[in-house]
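The chain contents come next:
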Amino acid sequence: MSIDIRHSHSLPHAKARKAVEEVAEKLSERFDFDYAWDGDTLNFNRSGVDGKIALAPKSLHVTAKLGFLVSAFKGPIENEIRRVLDERFG
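Residues numbered from 1 in each chain as written. Predicted model: local features only at pLDDT ≥ 70, side-chain atom pairs only at ≥ 80, totals over all residues. Heavy atoms only, no water.

A. The pairing of strand β5 (residues 59–66), seen in detail. Burial along β5 is one-sided: the residues L60, V62, A64 and L66 are buried and none of S59, H61, T63 and K65 is. Strand direction decides the pairing type here: strand β1 (residues 2–8) and β5, joined by seven bridges, are antiparallel. The partner of S2 across the bridge, within β5, is K65. Relative to β5, strand β4 (residues 49–55) runs antiparallel, the two being bridged by seven bridges. Opposite A54, over in β5, you have H61 as the bridge partner. (Buried < 20%, exposed > 50% of the residue type's maximum accessible area, 1.4 Å probe, protein only. Helix = DSSP H or I, 4+ residues; strand = E, 2+ residues; numbered from the N terminus. Pairing = 2+ DSSP bridges.)

Now the structure itself:
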């Protein structure tokens, strides 16, 4: 099971990068993810979840693979990602 979210934005690169970091912090607080930047891609993971947020000039792309046990939480995880993206990117 996977999550695939595309979100457009109009923020300058530095602000968009900070907003992605804030999204990762929120997800980390809520779902206990670890995260780290690799260029303009923020990778996040925990047991059963392996994902990334790829930052581009006018958009970002969130993808995540969910393991069997975590797949039951796909709805809440996806909803939280969308909520925080809307909050940070409008």
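Let's pick the thread back up.
B. Structural context of the environment of K15. Relative to the assigned elements, K15 resides in helix α1 (residues 13–31). Taking relative accessible area as the criterion, K15 reaches 55% and is therefore assigned exposed. Taking the C-alpha atoms as reference, K15 lies 13 Å from L60; in sequence the two are 45 residues apart.

C. Looking closely at the packing of α1 against helix α2 (residues 74–89). It is at 10 Å that the axes of α1 and α2 come closest, and there the two elements cross at 145°. The way α1 lies across α2 gives a crossing that is right-handed. Where α1 approaches α2, its residues A16, A19, V20, E22, V23, K26, L27, R30 and F31 are matched on the opposing element by P76, I77, E80, I81, V84, L85, E87, R88 and F89. Here the residues of the contact of α1 with α2 are counted per class, giving twelve nonpolar, no polar and six charged. (Axes fitted to C-alpha atoms, helices over the stretch in contact; angles between N-to-C directions. Left-handed = near helix turned anticlockwise from the far one by under 90°. Contact = heavy atoms within 4.5 Å. Nonpolar A, V, L, I, M, F, W, Y, C, P; charged D, E, K, R; others polar.)

D. A look at α2. Compared with the 22 Å implied by 1.5 Å per residue over 16 residues, the 22 Å span of α2 between its first and last C-alpha is a close match. What α2 keeps buried is the set I77, E78, E80, I81, V84, L85 and F89. Around the axis of α2, the buried residues are gathered within 160° of arc, so they sit on the same side. Buried-residue contacts for α2 involve β1, α1 and β5. Two residues or fewer after α2 comes G90, characterised by a positive phi angle close to 70°. (Expected span 1.5 Å × (residues − 1). Arc of directions from axis to C-beta.)

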